[in-house]
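Structural overview for review
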Amino acid sequence: MSAPDLVLRDITYERDRLLLSGVSVMFPAGLVTAVSGPSGSGKTTLLSVAGGLICPTSGTTDYAGASMWQGDGDPPAEVVFVLQVYGLVPVLSARENVALALRARGVRVSEADDRAESALERFDIADLGERQVEELSGGQMQRVACARAFVVAAPVLLADEPTSELDERNRDVVLRELRVEAARGAVVVVATHDPAVVEASDRHVVIDEGHLAPAHVPTAGADPRDGRWSDGVGSRR
Ligand SMILES: Nc1ncnc2c1ncn2[C@@H]1O[C@H](COP(=O)(O)OP(=O)(O)OP(=O)(O)O)[C@@H](O)[C@H]1O
Ligand SMILES: [Mg+2]
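In what follows, the accompanying structure is described. (Residues numbered from 1 in each chain as written. Chains lettered and ligands numbered in written order. Predicted model: local features only at pLDDT ≥ 70, side-chain atom pairs only at ≥ 80, totals over all residues. Heavy atoms only, no water.)

Quick look at the coordination of the magnesium ion (ligand 2)
Taken together, Thr44 (OG1) and Gln84 (OE1) make up the protein donors of the magnesium ion (ligand 2), found 2.0 to 2.2 Å from the metal. Placement of threonine 44 in helix H1 (residues 43-50) and of glutamine 84 in the loop between strand S5 (79-82) and helix H2 (94-103) is noted, with a sequence separation of 40 residues between them. Residue class for threonine 44 comes out partly exposed when judged on its relative accessible area of 32%. Glutamine 84 gets classed as partly exposed once you look at its relative accessible area, which sits at 36%. (Donors = N, O, S within 2.8 Å, 3.2 Å for Na, K, Ca; no water. Helix = DSSP H or I, 4+ residues; strand = E, 2+ residues; numbered from the N terminus. Buried < 20%, exposed > 50% of the residue type's maximum accessible area, 1.4 Å probe, protein only.)

The structure is reproduced here in structure tokens:
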């Protein structure tokens, strides 16, 4: 059986004003979907709804027949985030931060440490494993945040501007690893301002002032499933 897609239907999210309005979109398993749009347009809010951190005011999220919202703001076990603000523990080392994600999921210490080491290698920061996070540069922290999410090999990976502080070489490393995650069948969603990230993605969702906008990329050859869920999705396949 193929891996499940993540489907959002008619999502509205309201705080003191409407931050998301009528957003219906499918994030398919096995593909990288880029979400772009101006600062403040709702990308982080959309990812937060998609991953079960916040409850939509109306509309539904559906992954494998269950809602992503679990009633308490904890994401389901299937979901990992690369947060825009990283969310690392400053006084722990890079390796400890990465291993923590596995320990929290019941992986025993020695295996968690080994896998953390490999995850740091994926992002070319194995040499920084012992360094306390508060002693790292912004771009190095961002790569630790990527390692901490990717190490889990979760079926749903939601990455919020994971390349915003990276130079071209390291951005390409992250893009390569996003593709690796999709290739093993994960739902991969990446919020970004970077045209190179959009270019490297399979699909492109544009959000503007909380609404899905027409995508900028050609839709020729689009996944026929798109039409059911969104008018704001471009596809390269
Ligand atoms: N908790 C909140 N309460 C009220 N307004 C909020 C809250 N969180 C975000 N907003 C507002 O919602 C809008 C969308 O924010 P969001 O963080 O989703 O944008 P974004 O597209 O991720 O922007 P950026 O590219 O700067 O990261 C913004 O106008 C923001 O100020
Ligand atoms: Mg954001």
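A few points about the nonpolar core
If you look at the biggest cluster of nonpolar residues, it comprises 44 residues, and the most contacted ones within it are Val82, Val98, Phe123, Phe150, Leu157 and Leu178. Of all the elements, helix H4 (residues 138-150) adds the most residues to this core, at seven residues. Setting aside anything within four residues of it in sequence, one finds phenylalanine 123 in contact with Arg143, Cys146, Ala147, Phe150, Asn170, Val173, Val174 and Glu177. (Core = buried A, V, L, I, M, F, W, Y, C linked by side-chain atoms within 4.5 Å. Contact = heavy atoms within 4.5 Å.)

Thoughts on helix H3 (residues 109-122)
Helical geometry note: an α-helix holds 3.6 residues per turn, so side chains three or four residues apart project in the same direction. Here H3 is 14 residues long and its end C-alpha atoms lie 20 Å apart, about the 20 Å a rise of 1.5 Å per residue gives. Those residues of H3 not exposed but buried are Ala112, Ala116, Ala119 and Leu120. Take H3 and look down its axis: the buried residues cluster within an arc of 100°, on one side only. Elements in contact with the buried residues of H3: H2 and H4. Two residues or fewer after H3 comes aspartate 124, characterised by a positive phi angle close to 60°. (Expected span 1.5 Å × (residues − 1). Arc of directions from axis to C-beta.)

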